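Each chain is listed here by its residues.
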Amino acid sequence: MRTTLTDYPELAKDIKEVVITTEEIQARVAEIGAAISADYTDKNPLLVGVLKGVLFFMADLLREIYVPVAVDFISISSYSSETRKQGIVHLAKDLETPLAGRHVLFVEDVIDTGLTLNYLLRNLRARQPASLEVCVLFNKPARRLIGIPLKYKGFDLPDRFVVGYGLDHREKYRNLPFVGLLTASAYKEQ
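Residues numbered from 1 in each chain as written. Predicted model: local features only at pLDDT ≥ 70, side-chain atom pairs only at ≥ 80, totals over all residues. Heavy atoms only, no water.

A. Up close: the pattern of salt bridges. As enumerated under the stated definition, the model contains twelve salt bridges in all. When the shortest N-O distance is used, the salt bridge between arginine 28 and glutamate 31 registers 2.8 Å. Of this pair, arginine 28 and glutamate 31 both sit in helix H2 (residues 22–39), three residues apart, which is roughly one turn of the helix. A residue is classified by how much of its surface remains accessible, and arginine 28, at 24% relative accessible area, is partly exposed. For glutamate 31, a relative accessible area of 47% translates into the label partly exposed. Residue arginine 127 is joined to aspartate 94 by a salt bridge in which the shortest nitrogen-to-oxygen separation is 2.9 Å. Of this pair, arginine 127 sits in the loop between helix H5 (115–125) and strand S6 (131–139) while aspartate 94 sits in the loop between strand S4 (90–93) and strand S5 (103–111), placing them 33 residues apart in sequence. Residue arginine 127 is classed as partly exposed on the basis of its relative accessible area of 25%. On the basis of relative accessibility, which here comes to 35%, the residue aspartate 94 falls in the partly exposed class. Salt bridges sharing partners connect three or more residues here, namely Lys52, Asp168, Glu171 and Arg174. (Salt bridge = Lys/Arg side-chain N within 4 Å of Asp/Glu carboxyl O. Helix = DSSP H or I, 4+ residues; strand = E, 2+ residues; numbered from the N terminus. Buried < 20%, exposed > 50% of the residue type's maximum accessible area, 1.4 Å probe, protein only.)

Have a look at this one:
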(Lines give C-alpha, C1' and ligand atoms only; values in the text may rest on other atoms or scores of the structure.)
Protein backbone atom coordinates (compact mmCIF):
# COMPACT_ATOMS: atom_id res chain seq x y z
CA MET A 1 0.00 0.00 0.00
CA ARG A 2 1.24 3.47 -0.83
CA THR A 3 1.54 5.49 2.37
CA THR A 4 4.09 8.27 1.87
CA LEU A 5 4.36 11.42 -0.17
CA THR A 6 7.08 9.90 -2.37
CA ASP A 7 4.58 7.22 -3.46
CA TYR A 8 2.59 9.96 -5.25
CA PRO A 9 5.09 11.76 -7.50
CA GLU A 10 2.48 13.60 -9.60
CA LEU A 11 0.74 14.99 -6.53
CA ALA A 12 3.80 15.43 -4.29
CA LYS A 13 4.83 18.69 -5.92
CA ASP A 14 1.58 20.25 -4.66
CA ILE A 15 1.98 19.14 -1.03
CA LYS A 16 4.05 21.35 1.24
CA GLU A 17 4.11 18.92 4.17
CA VAL A 18 2.29 15.90 5.56
CA VAL A 19 0.16 17.04 8.50
CA ILE A 20 -1.32 13.68 9.56
CA THR A 21 0.34 10.44 8.45
CA THR A 22 -1.37 7.34 7.11
CA GLU A 23 -0.37 5.45 10.25
CA GLU A 24 -1.84 8.12 12.54
CA ILE A 25 -5.11 8.04 10.60
CA GLN A 26 -5.30 4.24 10.67
CA ALA A 27 -4.64 4.12 14.42
CA ARG A 28 -7.26 6.77 15.22
CA VAL A 29 -9.88 5.17 12.94
CA ALA A 30 -9.32 1.85 14.76
CA GLU A 31 -9.84 3.59 18.13
CA ILE A 32 -13.05 5.25 16.93
CA GLY A 33 -14.31 1.94 15.50
CA ALA A 34 -13.71 0.20 18.82
CA ALA A 35 -15.54 2.96 20.72
CA ILE A 36 -18.51 2.80 18.34
CA SER A 37 -18.60 -0.99 18.65
CA ALA A 38 -18.71 -0.76 22.44
CA ASP A 39 -21.33 2.00 22.49
CA TYR A 40 -23.65 0.45 19.90
CA THR A 41 -23.66 -3.20 21.00
CA ASP A 42 -27.16 -4.63 20.35
CA LYS A 43 -28.32 -1.36 18.71
CA ASN A 44 -27.72 -2.14 15.01
CA PRO A 45 -26.84 1.49 14.20
CA LEU A 46 -27.27 3.14 10.83
CA LEU A 47 -24.18 5.04 9.73
CA VAL A 48 -25.03 7.95 7.44
CA GLY A 49 -22.43 9.81 5.39
CA VAL A 50 -22.32 12.61 2.83
CA LEU A 51 -20.77 11.70 -0.49
CA LYS A 52 -18.04 12.09 -1.77
CA GLY A 53 -15.56 13.12 0.90
CA VAL A 54 -16.64 10.64 3.58
CA LEU A 55 -16.10 7.64 1.31
CA PHE A 56 -12.56 6.86 2.51
CA PHE A 57 -13.25 7.38 6.20
CA MET A 58 -16.52 5.45 6.08
CA ALA A 59 -14.93 2.45 4.36
CA ASP A 60 -12.04 2.26 6.82
CA LEU A 61 -14.31 2.91 9.81
CA LEU A 62 -16.71 0.14 8.81
CA ARG A 63 -13.82 -2.34 8.76
CA GLU A 64 -13.00 -1.36 12.37
CA ILE A 65 -16.54 -1.79 13.75
CA TYR A 66 -17.22 -5.28 15.03
CA VAL A 67 -20.98 -5.07 15.69
CA PRO A 68 -23.73 -5.21 13.04
CA VAL A 69 -24.25 -1.88 11.28
CA ALA A 70 -26.11 -0.58 8.26
CA VAL A 71 -24.92 2.19 5.95
CA ASP A 72 -26.62 4.82 3.84
CA PHE A 73 -25.47 7.95 2.05
CA ILE A 74 -26.79 11.33 1.07
CA SER A 75 -25.38 13.69 -1.49
CA ILE A 76 -25.70 17.44 -1.27
CA SER A 77 -25.00 20.46 -3.40
CA SER A 78 -24.99 24.10 -2.49
CA TYR A 79 -26.95 26.47 -4.65
CA SER A 80 -24.34 29.25 -4.55
CA SER A 81 -21.48 30.52 -2.46
CA GLU A 82 -23.94 32.77 -0.60
CA THR A 83 -26.35 29.96 0.31
CA ARG A 84 -23.37 27.76 1.25
CA LYS A 85 -22.28 30.45 3.74
CA GLN A 86 -25.76 30.25 5.26
CA GLY A 87 -25.64 26.45 5.45
CA ILE A 88 -28.47 26.00 2.95
CA VAL A 89 -28.03 22.91 0.83
CA HIS A 90 -29.94 20.90 -1.71
CA LEU A 91 -30.24 17.14 -1.19
CA ALA A 92 -29.10 15.71 -4.52
CA LYS A 93 -29.53 12.14 -3.18
CA ASP A 94 -31.60 11.40 -0.11
CA LEU A 95 -31.36 8.41 2.20
CA GLU A 96 -33.01 5.17 1.18
CA THR A 97 -33.35 3.90 4.75
CA PRO A 98 -36.15 5.13 7.04
CA LEU A 99 -34.72 6.65 10.24
CA ALA A 100 -37.70 6.42 12.57
CA GLY A 101 -36.70 4.50 15.68
CA ARG A 102 -33.13 3.81 14.42
CA HIS A 103 -29.91 4.66 16.20
CA VAL A 104 -28.21 6.92 13.66
CA LEU A 105 -24.56 7.89 13.62
CA PHE A 106 -23.81 10.71 11.19
CA VAL A 107 -20.26 10.16 9.89
CA GLU A 108 -18.46 13.17 8.46
CA ASP A 109 -14.97 13.57 7.03
CA VAL A 110 -14.51 17.22 8.04
CA ILE A 111 -16.49 19.87 9.90
CA ASP A 112 -15.50 23.48 9.60
CA THR A 113 -18.21 26.15 10.03
CA GLY A 114 -20.86 23.62 11.06
CA LEU A 115 -23.55 25.36 9.02
CA THR A 116 -24.16 22.56 6.52
CA LEU A 117 -23.98 19.85 9.17
CA ASN A 118 -26.41 21.76 11.39
CA TYR A 119 -28.89 21.89 8.50
CA LEU A 120 -28.49 18.17 7.80
CA LEU A 121 -28.87 17.20 11.46
CA ARG A 122 -32.11 19.20 11.72
CA ASN A 123 -33.35 17.39 8.63
CA LEU A 124 -32.46 13.98 10.10
CA ARG A 125 -33.92 14.76 13.55
CA ALA A 126 -37.25 15.53 11.89
CA ARG A 127 -37.32 11.87 10.77
CA GLN A 128 -37.49 10.78 14.45
CA PRO A 129 -34.49 8.51 14.94
CA ALA A 130 -34.11 6.81 18.34
CA SER A 131 -30.78 8.63 18.66
CA LEU A 132 -28.61 10.82 16.46
CA GLU A 133 -24.90 11.33 17.13
CA VAL A 134 -21.99 12.74 15.11
CA CYS A 135 -18.65 11.15 14.29
CA VAL A 136 -16.05 13.29 12.51
CA LEU A 137 -12.51 12.46 11.52
CA PHE A 138 -11.25 15.99 10.88
CA ASN A 139 -12.47 18.89 12.98
CA LYS A 140 -11.63 22.54 12.21
CA PRO A 141 -12.75 24.29 15.41
CA ALA A 142 -11.21 27.65 14.43
CA ARG A 143 -13.81 28.03 11.66
CA ARG A 144 -16.86 26.91 13.67
CA LEU A 145 -19.87 29.22 13.53
CA ILE A 146 -22.36 26.80 15.09
CA GLY A 147 -21.64 24.47 17.97
CA ILE A 148 -22.06 20.83 16.98
CA PRO A 149 -21.81 18.17 19.70
CA LEU A 150 -19.34 15.51 18.56
CA LYS A 151 -19.63 12.03 20.04
CA TYR A 152 -16.50 10.77 18.23
CA LYS A 153 -13.65 12.91 16.88
CA GLY A 154 -10.45 12.00 15.12
CA PHE A 155 -8.20 15.03 14.80
CA ASP A 156 -8.39 18.78 15.23
CA LEU A 157 -7.00 20.45 12.12
CA PRO A 158 -5.39 23.86 11.96
CA ASP A 159 -7.13 26.49 9.86
CA ARG A 160 -4.99 25.71 6.82
CA PHE A 161 -5.86 24.31 3.39
CA VAL A 162 -5.29 20.57 3.67
CA VAL A 163 -6.08 17.72 1.28
CA GLY A 164 -5.97 13.95 1.26
CA TYR A 165 -7.89 11.05 2.77
CA GLY A 166 -11.09 12.25 1.14
CA LEU A 167 -10.40 15.98 1.43
CA ASP A 168 -10.07 17.54 -1.99
CA HIS A 169 -9.36 20.67 -3.90
CA ARG A 170 -11.40 20.73 -7.09
CA GLU A 171 -11.84 16.95 -6.97
CA LYS A 172 -8.09 16.33 -6.76
CA TYR A 173 -6.00 14.79 -3.95
CA ARG A 174 -8.82 12.74 -2.32
CA ASN A 175 -6.86 9.55 -2.97
CA LEU A 176 -3.87 10.49 -0.81
CA PRO A 177 -3.85 8.17 2.25
CA PHE A 178 -2.58 10.98 4.50
CA VAL A 179 -3.46 14.64 5.06
CA GLY A 180 -1.12 17.18 3.53
CA LEU A 181 -0.88 20.93 3.42
CA LEU A 182 -1.55 22.17 -0.10
CA THR A 183 1.02 24.62 -1.46
CA ALA A 184 -0.21 28.14 -2.16
CA SER A 185 0.80 27.82 -5.81
CA ALA A 186 -1.29 24.64 -6.24
CA TYR A 187 -4.27 26.29 -4.58
CA LYS A 188 -4.06 29.35 -6.85
CA GLU A 189 -3.19 27.51 -10.10
CA GLN A 190 -6.20 25.29 -10.33
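Continuing now.
B. View of helix H3 (residues 55–64). Phe57, Met58 and Leu61 are the residues of H3 that are buried. The buried residues of H3 occupy an angular sector of 95 degrees when the element is viewed end-on, so they sit on one face. (Arc of directions from axis to C-beta.)

C. Expanded view of the side chain of arginine 174. By the element assignment, arginine 174 lies in the loop between strand S8 (162–163) and strand S9 (179–182). At 3.3 Å, the side chain of arginine 174 and the side chain of aspartate 168 are in polar contact. If sequence neighbours within four positions are ignored, arginine 174 has contacts with Lys52, Gly53, Phe56, Gly164, Tyr165, Gly166, Leu167 and Asp168. (Polar contact = N/O pair within 3.5 Å; in protein donor to acceptor, adjacent residues only side chain to side chain. Contact = heavy atoms within 4.5 Å.)

D. Fine view of the sheet that holds S8. Pairing in this open sheet of three strands is antiparallel, and the strands run S1-S9-S8 from one edge to the other. With one partner strand each, in any of the chains shown, strand S1 (15–20) and S8 form the two edges of the open sheet. The sheet contact formed by S1 and S9 spans four bridges and is antiparallel. For glutamate 17, the partnering residue across the bridge sits in S9 and is leucine 181. (Pairing = 2+ DSSP bridges.)

Treat this as a map of the structure, not an account of what it does.
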